[in-house]
Amino acid sequence: MSHPHLSHDPDLLELGQFDLACSSAATPEELHRGSDALQWAPAVIPGGVHESLMAAGLLPHPFYGANEEAAQWVEQATWWYRAVFDSGPGVVEGERIRLVCPVLDTVATVWLNGTRLGTHATQFRPAAFDVTDQLLPDGNELLIRFTPPLEGLEAPPQISQNAARLASFLAPHSPEHGAERETKESLYDRPQITMRRKAALSWGWDFAPRLASVGIARPPELHRERAATLLGHHVRAVEVDQDTKVVHVALDVTAEAFAWTEPLQARVVLTSPNGSRVTTSFPLAPDPQAAVLHHGHSRVTVTDARLWWTHDLGDQPLYTVSVELLGSDAQILDRATDRVGLRTVTLDRSADPEGGRSFRFVLNGIPLFARGANWVLANMLAGSVTPQNVRALVADAAHANMTMLRVWGGGIYEQDAFYEACDELGILIWQDFMFANLDYPSDDLVLHGEVTAEAQYQVTRLRNHPSLALWCGNNEVHAMHGLAQGDLSPGGWGWSFFHEVFPSVVAEYSPQTPYWPGSPWADSGPINGVLDGDRHAWEVWHGIDVGAGGPQDFTSRGQAVHFHRYCRDHGKFISEFGIHAAPELITLKRWTPPGSLHLDSSMLAHRNKDTPKNKANDLMAEETGLPVDLHQYIDFSMACQAEGLKYGIEHYRRRQPHCSGTLVWQYNDPWPGLSWSIMDHDQVPKAGYYFVQRAYQPVLASFVRTEDDDLEVWVTNSGREKASLSLRVDVATFTGQSILIDHVDVISQPGTSHRVWRTSARNYQPGLDRYAWVSETDGALEPNRLFFAPLKDLPLNDSRLDLEVRPDGEGRAEVTLTSHGYSYLARVLPPSTGIRFDRNYLDLRDGDQASILVEGLPTGFDLGQLKAATYNWQEGR
């Protein structure tokens, strides 16, 4: 099994210069016969066909306006890539040269110098060909032909029937809205997509358009290898002793001896960040079933070890790994380098004293409350996403106090930059295999073989990353199959993938990594319930019970979808929950024609892929009131999302350790639309991002208003150390009258959540004119507050903000906001994309001041352009 992603030292030639043409030709000969009529354009690599056509002025950007509909023809056409190159020195005895294409998206046939090398039909693993005998010293012609990704595919009858049943069941018809079922084609109308290993998101989702990327997403390479080559290595901590700082490390090395018959050895050097080294050498034995393969295993002990932690619990020291493949007389045949972190991650499934079983990650022996979000493909045009884009998104997640990102199963296995950023910034990864929401025909032998190869490749590729915490079989495949069929009995709907192939591959190639069959899943009892496993908490937003239970007698649709339902959810780990919101106005304006945006415009509706498109009105009617213009729609939808996520996170964190994690749906966006994301496609945070940032601080003080109107303060500590706090609790009116002041000293132990203060209703008299506020006298915590009524009933429109700006170095400024009256959603407005605020969307009481650091300002930026606003777009001065 070849893994060309490894950082080897063989001669490597990157082939980045290609031309692109549209032609229905089936062979190079046919292509050349019609060459006079072809219109060749430079190919954009990394990128794809769409990016190349845009660069050549032949295609308007599919994200702008309604252009996506005019771009559908691209996926239906046949595309040819052509490169002419010299290969360098000739091949000597014992050498081979392989052509490695990291990402061919998706159905590609490859020719070199007129010889057909083969066909590759997956977005999820590289194509590699031995081209030793086909290469010429100069003037080589490489041709790659891409055909429509779904051409010729037909799902088996049982897969199509199940999809049709789901399409009928999930039809977006809602009598409460008085809306007929929308005619937009849904995911369940395309069951043939399950036959092609490509991002399911390509064909559209409730937060994304249909826009299937095509082409060479990463530059092909020529690898020159000599006699034997390293195929893979695995370096993992198997035992950690924090007290003695001793870590026992297991080492595995696999090599291929394609032109070598003598014994092989591996030499592995593990170098700590301070330069200390541990070196070991061990023999590689031939594989009894494939003599060309050689395997070796060893163990070493690392003393004075520095452990890898999530960023809230400690540092992220990375050890450099050097692997050398040695022949006779210590001749170095190949080498690879890597970076690893020393840590152990387990999944605690022990009995929970509250009932059921725990679902809790344990890092280096420390139980965690995972605080994070779901990561989706960052651009529908996957080749457009740069390592810089990825790292910026991961850095913003860490800045929001997130400690886990779930790579959602409807997208792609992310590029190396994502996993490297998570390693460096201390964020754990829940990694789905790429299966989502539909049955998959696992009885199909071709698909079964391709999926097995994909799993082996990706597990081997990612296993050395300290950030990798879990492999998960799929997104909602079990849930949807159970919904349609009423049971989860084994069968040809993907069961063998999730319960046989994937667990065996993970056990063989990455034995220290936990595996979980699906999300949601439960080993016992119903999936998506509250006693076992993880759950997707979609009672909020959809307004129906999907497993949380509790009373269902709501007096209005608004109450049925309201975020107050979170408090009835006693789930063990909430791997999806979220609320829809608009992005900032600057993002909407950037991607829509001037004058086309208003509250009821078709252009705004086009940005919303959920159905029905007015679903958000239910929650807004209950919480903010219905908006009357676009500015209100943005503010009201963002307020509902922000308040809802705040409420849900605080509830679930107070349940620590019985609940051990929350992953917001969703973190980012694949296009500039309206969705559940808290970070929009242009990487401009919504209000919800900043509310999550505060709700995810490692130590949290939060309010509970009980059913009998008692008021409580809870302190939740998700850190490794105890926290000594001096809290002040206030109840005051929005006009500034003090109703109650109290102080409480708290010592909060790590991994606990406790009520630390309580008072009865008669002491604070809850009402529409007041709020509760908790702060830490030394500023160790961000303040928190509780309103006693929906936003629409509160007097939040009578405040004024003063804004003072001063430069703070190159590209930086410090903004000071001063509030006159109670200012809700007090923020500095983003003047353009690429500008970052360390905090924003604040609650400020009368007389409060807040300092906000602004970064990423372009050279020569006029600081006078920075403006402030509060709720309902009241601008500051």
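Residues numbered from 1 in each chain as written. Predicted model: local features only at pLDDT ≥ 70, side-chain atom pairs only at ≥ 80, totals over all residues. Heavy atoms only, no water.

Let's talk about the side chain of Ser799
Examined against the element boundaries, Ser799 turns out to sit in the loop between β40 (784–787) and β41 (800–807). A relative accessible area of 9% places Ser799 in the buried class. (Helix = DSSP H or I, 4+ residues; strand = E, 2+ residues; numbered from the N terminus. Buried < 20%, exposed > 50% of the residue type's maximum accessible area, 1.4 Å probe, protein only.)

Quick look at the sheet that holds strand β36 (residues 723–733)
As summarised here, the arrangement of the four strands in space is β37-β36-β39-β40, forming an open sheet in which the pairing is antiparallel. Strands at the two margins of the open sheet, each flanked by one partner only, are β37 (738–748) and β40. Pairs of neighbouring strands in the sheet enclose a mean axial angle of 15°, with direction left out of account. For strand β39 (residues 770–776) and β40, the ladder comprises four bridges, and the chain directions are antiparallel. Each bridged residue has a counterpart across the sheet, and for Ala772 the counterpart in β40 is Leu786. (Pairing = 2+ DSSP bridges. Axes fitted to C-alpha atoms, helices over the stretch in contact; angles between N-to-C directions.)

Let's talk about the environment of Ser832
You can see Ser832 is positioned in the loop between β43 (823–828) and β44 (836–837). In the structure, Ser832 is positioned 339 residues away from Trp493 in sequence and 47 Å away in space, judged by C-alpha atoms.

Some details on helix α15 (residues 630–654)
The end-to-end C-alpha distance of α15 is 36 Å, a good match for the 36 Å that 25 residues give at a rise of 1.5 Å each. Of all the 25 residues making up α15, 23 are buried; the element is thus mostly covered by neighbouring parts of the structure. N-cap assignment for α15: the residue whose side-chain oxygen lies 3.3 Å from the backbone N of His631 is Asp629. (Expected span 1.5 Å × (residues − 1). Polar contact = N/O pair within 3.5 Å; in protein donor to acceptor, adjacent residues only side chain to side chain.)

Quick look at the packing of helix α5 (residues 387–399) against helix α6 (residues 416–425)
It is at 9 Å that the axes of α5 and α6 come closest, and there the two elements cross at 35°. Note that α5 runs across α6; the crossing there is right-handed. In this structure, α5 uses Pro387, Val390, Arg391, Val394, Ala395 and Ala398 to contact α6, whose residues at the interface are Ala417, Phe418, Ala421, Cys422, Glu424 and Leu425. Here the residues of the contact of α5 with α6 sort into ten nonpolar, no polar and two charged. (Left-handed = near helix turned anticlockwise from the far one by under 90°. Contact = heavy atoms within 4.5 Å. Nonpolar A, V, L, I, M, F, W, Y, C, P; charged D, E, K, R; others polar.)

A closer look at the pairing of β36
Across the eleven residues that make up β36, a large majority, eight, are buried. Two elements, β36 and β37, share ten bridges in a ladder whose sense is antiparallel. Counted as the bridge partner of Leu725 is Val746 from β37. The antiparallel hairpin formed by β36 and β37 contains four residues in its connecting segment, where Gly736 sits at a positive phi of about 105°. As paired elements, β36 and β39 share seven bridges and run antiparallel to each other. Residue pairing in the sheet places Ala732 in a bridge with Tyr771 of β39.

A look at the packing of helix α4 (residues 157–169) against helix α8 (residues 477–485)
At a minimum axis distance of 9 Å, the contact between α4 and α8 shows a crossing angle of 85°. Between α4 and α8, the interaxial angle falls into the category roughly perpendicular. Across from Asn162, Arg165, Leu166 and Phe169 in α4, the residues of α8 making contact are Met480, His481, Leu483, Ala484 and Gln485. (Parallel < 35°, antiparallel > 145°, perpendicular 65-115°, else oblique.)

A few points about the packing of aromatic side chains
The tally for this structure, following the rule as stated, stands at 49 aromatic pairs. A ring pair is formed by Phe359 and Trp430, whose centres lie 6.0 Å apart and whose planes are at 35°; its orientation type is tilted. Taken as a pair, Phe359 in the loop between β23 (345–348) and β24 (360–363) and Trp430 in strand β28 (residues 428–432) lie far apart in primary sequence, 71 residues in all. Grouping residues by exposure puts Phe359 and Trp430 together as buried. Between Phe787 and Tyr824, the aromatic rings sit 5.8 Å apart at their centres with planes inclined by 70°, giving edge-to-face as the arrangement. Separated by 37 residues along the polypeptide, Phe787 in strand β40 and Tyr824 in strand β43 bring together distant segments of the chain. Taken as a pair, Phe787 and Tyr824 share a single burial class, namely buried. Of the aromatic side chains, those joined through ring pairs into one cluster are Phe124, Tyr413, Phe433, Phe435, Tyr440, Trp471, Phe497, Phe498 and Phe502. Taking NZ or CZ as reference, Arg720 lies 3.8 Å from the ring centre of Trp309, over its face. (Phe/Tyr/Trp six-rings, centres within 6.5 Å; stacked < 30°, edge-to-face > 60°. Lys NZ or Arg CZ within 6 Å of the ring centre and 35° of its normal.)

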